[in-house]
Amino acid sequence: MNKVEDKLENVDEAKKEQLLKSFEEFKSYLAKKVEMGERLGLNEEQLAVAAEKVAGHLANKEEPRNAEEHLLNELWEVGTKEQQHHLAHMLVNLVKK
């Protein structure tokens, strides 16, 4: 999972802005990453752990850019570690539908 953290730290600023400007762009990006993880053999729990790392990174280092991101950020901030983990599972399920 250190690869996830390394990748997050090294995302090009222009690409990051493009991904975060719209929630649909973000969901599409996350869906592609979940699909790639599944092809690599990651199970639901491993995908959720990776999503949790992404969500934590966004909550700690990025300002929300749209209403959906604001809501997710607020939910993340008020949640316990267990609730954050459940939210990560929900995000994975959201992009898999």
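Predicted model, so just to flag it, every value in this text is computed and none were measured.

A few words on the overall build of the protein chain. When helices and strands are tallied, the protein chain shows six helices and zero strands. Helices and strands in the protein chain line up, N terminus first, as α-α-α-α-α-α. Across the 97 residues that make up the protein chain, the buried fraction comes to 35%. In the protein chain, once contacts between residues fewer than 6 apart in sequence are set aside, the share between residues at least 24 apart is 72%.

Turning next to the environment of Asn-43. With respect to the helices and strands, Asn-43 occurs in the loop between helix H3 (23-39) and helix H4 (44-61). A distance of 3.0 Å separates the side chain of Asn-43 from the backbone nitrogen of Glu-45, its partner in a polar contact.

This next bit is on the pattern of salt bridges. A full pass over the atoms with the stated rule returns six salt bridges. With a shortest N-O distance of 3.5 Å, Glu-24 and Lys-27 are connected by a salt bridge. Here Glu-24 and its partner Lys-27 are both found in helix H3, three residues apart, which amounts to about one turn of the helix. A relative accessible area of 51% means that Glu-24 is categorised as exposed. A salt bridge links Lys-96 to Glu-38, with the shortest nitrogen-to-oxygen separation between them at 3.2 Å. Of this pair, Lys-96 sits in helix H6 (residues 81-96) while Glu-38 sits in helix H3, and the two are 58 residues apart along the sequence. Judged by its relative accessible area of 39%, Lys-96 falls in the partly exposed class. Judged by its relative accessible area of 36%, Glu-38 is partly exposed. When salt bridges that share partners are traced, they join Glu-17, Glu-62 and Arg-65 into one network.

Parameters and conventions
Residues numbered from 1 in each chain as written. Predicted model: local features only at pLDDT ≥ 70, side-chain atom pairs only at ≥ 80, totals over all residues. Heavy atoms only, no water. Helix = DSSP H or I, 4+ residues; strand = E, 2+ residues; numbered from the N terminus. Buried < 20%, exposed > 50% of the residue type's maximum accessible area, 1.4 Å probe, protein only. Contact = heavy atoms within 4.5 Å. Polar contact = N/O pair within 3.5 Å; in protein donor to acceptor, adjacent residues only side chain to side chain. Salt bridge = Lys/Arg side-chain N within 4 Å of Asp/Glu carboxyl O.

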